[in-house]
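Descriptive structure summary
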Amino acid sequence: MGNLLKVLTCTDLEQEPNFFLDFENAQPTEAEREVWDQVDVVLKDAKGILDELQAYKGAGQEIREAIQNPSDDALQEQAWAAVVPLVGKLKKFFEFSQRLEAALHSLLGALTNETYSDPTQHLEREQALAKQFAEILHFTLRFDELKMTNPAIQNDFSYYRRTLSRMRINNVPAEGENEVNNELANRISLFYADATPMLKALSDGTTKFVSENKNLPIENTTDCLSTMASVCKVMLETPEYRSRFNSEDTVSFCLRVMVGVIILYDYVHPVGAFAKSSKIDMKGCIKVLKDQPPNSVEGLLNALRYTTKHLNDESTNKTIKSMLQ
């Protein structure tokens, strides 16, 4: 159907639902337009957020000098002047995570409702929404990869909070306090304390979506995620499909999306992605990752190792555990 070709649909995991989904060119139908427009507004800002995060250098030098010379007021002021605008950026990233979570809710609502009888039909007939869902996951994992390699983020924010606290004690007016008050600072601090903050926001958001929609079977959400993981795996391991990508970037896009939906599934499904009853072929997905150039996927393998919920459960297959060691 269009650019989405149904290869086969079967409940047996050995013959999981396999599709080719055109992540590069899918356009919204009239039925998708309302949700697509809402989500598009958020996604248009995603690249700018990644560019800003990638360019984030931090105020390490200024902070070090201020700490080493506590009685030098000029150095204290320089450090504060350097940190305040950076905190403004960190606040912006945090607020974007909330917008992204709201966009995810809209997409999950559309992709899991009872309009169609199963996730196969949803993905077949709502390709543009599936593509947006994939773009959110791609952004999320890319954001967290950049954050994990930038210790300046937490150092800058810790310095900001310590200095703000000292200013309050000494009744010194703090120019940057209007930017981030104490309550917001606590929330932002918790956000960045997580190794993968954007992924945690999406995982929490997906769990919240399930708990808020009690009339919707949880399988509607988990089957949507497992089907998307299968779509990505098949496109990556099948030369015929992979050759249809117009850009090599689509390979890394598919890899990130596959890992993102596995992690979300692991959080939302009662027994997770690694259990025998999981509808995700975890061995197959890990093999696809390991078949890529090592440098390109280490961050994604680490995301499976360290940000999933059930990998270390006793019920997890020993082969899967050893594949991720």
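The protein is annotated in an unreviewed UniProt entry as Family with sequence similarity 49 member Bb from Xiphophorus couchianus. In its Subcellular location (unreviewed entry) section, UniProt records this for the protein: "Membrane". Turning to the protein, the UniProt record has this under Sequence similarities (unreviewed entry): "Belongs to the CYRI family."

**Some details on the overall build of the protein**
Summing up its helical and strand segments, the protein has 15 helices and two strands in all. The C-alpha radius of gyration computed for the protein amounts to 22 Å, which stays within 12% of the reference 20 Å derived for 325 residues, consistent with globular compactness. Overall size of the protein, expressed as C-alpha extent along the three principal axes, is 70 × 45 × 40 Å. Burial analysis of the protein (325 residues in total) assigns 52% to the buried set. When the accessible surface of the protein is split by element, carbon and sulfur atoms take 49% of a total near 15,700 Å². The distance from the centre of the 35 positive side-chain charges to the centre of the 47 negative ones in the protein is 4 Å.

**Details of the packing of aromatic side chains**
Enumeration over the complete set of coordinates arrives at eight aromatic pairs. Note on Phe191 and Tyr192: the rings are 4.9 Å apart at their centroids and 80 degrees apart in plane angle, and the pair reads as edge-to-face. Neither residue differs from the other here; Phe191 and Tyr192 are each classed as buried.

**Examining the domain arrangement of the protein**
When the domains of the protein are assigned, the result is domain 1 (27-132 + 147-194) and domain 2 (216-324). Here the C-alpha centroids of domain 1 and domain 2 sit 26 Å apart. Counting from both sides, the interface comprises nine residues of domain 1 and, opposite them, ten residues of domain 2. Interface area for domain 1 against domain 2, summed over the two sides, is near 830 Å², with a carbon-plus-sulfur share of 75%. Of all residues in domain 1, Thr112, Pro119 and Leu123 give up the largest surface area on contact with domain 2, accounting jointly for 52% of the area buried on that side. Put simply, domain 1 and domain 2 have zero salt bridges between them. Elements with a contribution of two residues or more to the side of domain 1 that touches domain 2: helix H4 (73-112), helix H5 (119-125) and helix H6 (127-148). No other element matches the three residues that H4 contributes to the side of domain 1 that touches domain 2. Looking at the side of domain 1 that touches domain 2 residue by residue, the classes come out as five nonpolar, two polar and two charged.

**Thoughts on the pattern of salt bridges**
Here the structure, examined in full by the defined rule, presents 18 salt bridges. Residues Arg256 and Glu145 are paired through a salt bridge, measuring 2.8 Å at the closest nitrogen-oxygen approach. Of this pair, Arg256 sits in helix H12 (residues 249-268) while Glu145 sits in helix H6, and the two are 111 residues apart along the sequence. With respect to burial, Arg256 and Glu145 carry one shared label: buried. Glu240 is the salt-bridge partner of Arg244, the closest N and O atoms lying 3.1 Å from each other. Of the residues examined, Arg244 reaches a relative accessible area of 32% and is grouped as partly exposed. Among the charged side chains, a salt-bridge network with shared partners connects Glu52, Lys89 and Lys92.

Cut-offs applied
Residues numbered from 1 in each chain as written. Predicted model: local features only at pLDDT ≥ 70, side-chain atom pairs only at ≥ 80, totals over all residues. Heavy atoms only, no water. UniProt positions renumbered as here; feature names shortened; annotations may be inferred. Helix = DSSP H or I, 4+ residues; strand = E, 2+ residues; numbered from the N terminus. Rg over C-alpha atoms; globule rule 2.2 N^0.38 Å. Buried < 20%, exposed > 50% of the residue type's maximum accessible area, 1.4 Å probe, protein only. Areas by Shrake-Rupley, 256 points an atom, 1.4 Å probe, with all protein chains shown as cover. Lys, Arg positive; Asp, Glu negative; His and termini not counted. Charge placed at Lys NZ, Arg CZ, Asp CG, Glu CD. Phe/Tyr/Trp six-rings, centres within 6.5 Å; stacked < 30°, edge-to-face > 60°. Domains from an automatic or database assignment. Contact = heavy atoms within 4.5 Å. Buried area = accessible area lost by both parts, 1.4 Å probe. Salt bridge = Lys/Arg side-chain N within 4 Å of Asp/Glu carboxyl O. Nonpolar A, V, L, I, M, F, W, Y, C, P; charged D, E, K, R; others polar.

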